[in-house]
Amino acid sequence: MHHRTRLPHALATLYSLAIVYASLQPFGDWIEPAPGTPFFLFASWPNRWLRYDFLFNIIAYCPFGFFVAWLPTRASPLMRIALGTAVGAILSFSMESLQMFLPQRVASTLDFLSNTVGAALGAAIAAGLSQSENIKRTISSARTRLFLDGHLGDVGLALLTLWIVAQINPGIPLFAVTFDPEPGRMLAASAAPPDGAAMLIEAAESAFQMLGVGLFLALLLRERRFIGGAVLVLIGAALIMKGIAAALVIKPAVWDSWQRPGVMMGIAAGALLILAAVNLRRPVMVAVCGVALLSSASVPLLAPDLLSARAPLTLFNWRYGQLLNYNGLTRTILLVWPLLAAAWLFALAGRPAWGHPDTHLNSPSPRRSNK
């Protein structure tokens, strides 16, 4: 039995939560606007505005409009565009209205308009793609053939997508969850020899993250023969995205700051562990995956300076105000992601016949032998 995919719903939900977090952080010092302060829609137009801010807001809301436009199973292109634009405008209006109560943020009509334009652009792209039956058939076929079916599989794919997107931040080492506590040392002309304890903690953090994410992907796949190639694609995607981001926003002197020796050692160790773990039975794999993910989030507790480390702004060649939001959002995603993934694993283990990837997770199934 074929089930309607809920992947667009999961992606739209997770992305909207990311927008809310980035728009309202640091979530403190809520103050009522001063008497006589006009509502942001009726405030005077700013005397000066940055084209980069306008483009950044468009890009930020474009994926949201894209995901929302895919929510209806059957809808005309005009209806998809209208839905994506309207929902994006409502979300942006809500965020700008709440920002009026945050002294650190500035509610702006220009931001509201650029966000709405971004949502409309993403919805228009989705509407155009929805017209091609070949594209829809190819995506649906690949989704059904490669990954676990059912709504739980959709949520798993959405979580994996969220993790990959968070890897864009080059201020956080590859397969790590925290910033470097001493970014200034990478700007020094002569670097001191790396501390052995710090390198060990970095290696353990990256190894656990590598093992947990790799097994998470393996549990999403229907067939074991796809695991090797899928893990390589995952690592390659993370490397490419972080490398491109580093080249764009990191100062050339510290371009490879995310390729720390301890991190590279951890990735190598994690890859070897994956080779051994993928041959385990699926119930054992889910247990190892959960332990690895929770351990990756717990390792920084051994070094309090990792958890308290601030975003390494000195490493970035970026003059714009969204940098703090960008760093805060990606770091929070990487810290929370192991917990969300562990919750998904518990839900997966509670499904009937979940150990058989070819069984529909959302439908009753006959008892099958574990032999």
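Notes on the structure in this doc start here. A quick note: this is a predicted structure, and the numbers were derived from the prediction, not measured. (Residues numbered from 1 in each chain as written. Predicted model: local features only at pLDDT ≥ 70, side-chain atom pairs only at ≥ 80, totals over all residues. Heavy atoms only, no water.)

**Concerning helix α6 (residues 151-166)**
Here α6 contains 16 residues, and its C-alpha end-to-end distance of 23 Å stays within 8% of the 22 Å for a straight helix at 1.5 Å per residue. For α6, the complete set of buried residues consists of L152, G153, D154, G156, L157, A158, L159, L160, L162, W163 and A166. (Helix = DSSP H or I, 4+ residues; strand = E, 2+ residues; numbered from the N terminus. Expected span 1.5 Å × (residues − 1). Buried < 20%, exposed > 50% of the residue type's maximum accessible area, 1.4 Å probe, protein only.)

**Quick look at the side chain of K242**
For K242, the location among the structural elements is in helix α8 (residues 227-249). Separated by 2.9 Å, the side chain of K242 and the backbone oxygen of Q167 make a polar contact. Among the polar contacts made by the side chain of K242, one reaches the main-chain carbonyl oxygen of N169 at a distance of 2.6 Å. (Polar contact = N/O pair within 3.5 Å; in protein donor to acceptor, adjacent residues only side chain to side chain.)

**Section: a nonpolar patch on the surface**
Residues L121, I125, L129, I135 and I139 make up a contiguous nonpolar surface patch of about 400 Å² in total accessible area. Within the residue set of the nonpolar patch, elements represented by two or more residues are α4 (109-130) and α5 (133-146). Looking at the nonpolar patch, the element that brings in the most residues is α4, giving 3 residues. Tracing the backbone shows L121 in helix α4. The class for L121 is partly exposed, based on a relative accessible area of 43%. (Patch = residues over 30% accessible without salt bridge, like charges linked within 9 Å, V, L, I, M, F, W, Y side chains within 5 Å. Areas by Shrake-Rupley, 256 points an atom, 1.4 Å probe, with all protein chains shown as cover. Salt bridge = Lys/Arg side-chain N within 4 Å of Asp/Glu carboxyl O.)

**Points about the environment of A198**
Relative to the elements of secondary structure, A198 occurs in helix α7 (residues 196-220). We classify A198 as partly exposed; its relative accessible area is 30%. The sequence separation of A198 and G262 amounts to 64 residues, and the corresponding C-alpha distance is 8.0 Å.

**A short note on the packing of helix α3 (residues 77-99) against α4**
It is the contact of α3 with α4, at a shortest axis distance of 8 Å, that shows an interaxial angle of 155°. One finds that α3 runs roughly antiparallel with respect to α4. Of the two possible hands of crossing, α3 and α4 adopt the one that is right-handed. Contact residues: P77, R80, I81, G84, T85, G88, A89, S92, F93 and E96 in α3; D111, F112, N115, T116, A119, A120, A123, A124, A127 and S130 in α4. Per-class residue counts for the contact of α3 with α4 are 10 nonpolar, 7 polar and 3 charged. (Axes fitted to C-alpha atoms, helices over the stretch in contact; angles between N-to-C directions. Parallel < 35°, antiparallel > 145°, perpendicular 65-115°, else oblique. Left-handed = near helix turned anticlockwise from the far one by under 90°. Contact = heavy atoms within 4.5 Å. Nonpolar A, V, L, I, M, F, W, Y, C, P; charged D, E, K, R; others polar.)

**Let's talk about the nonpolar core**
In terms of nonpolar packing, the biggest core is built from 64 residues, with W163, F216, W337 and W344 touching the most fellow members. For this core, the leading source of residues is α7, giving 9 residues. Excluding residues within four positions of it along the chain, W337 makes contact with L159, L160, L162, W163, V213, F216 and L293. (Core = buried A, V, L, I, M, F, W, Y, C linked by side-chain atoms within 4.5 Å.)

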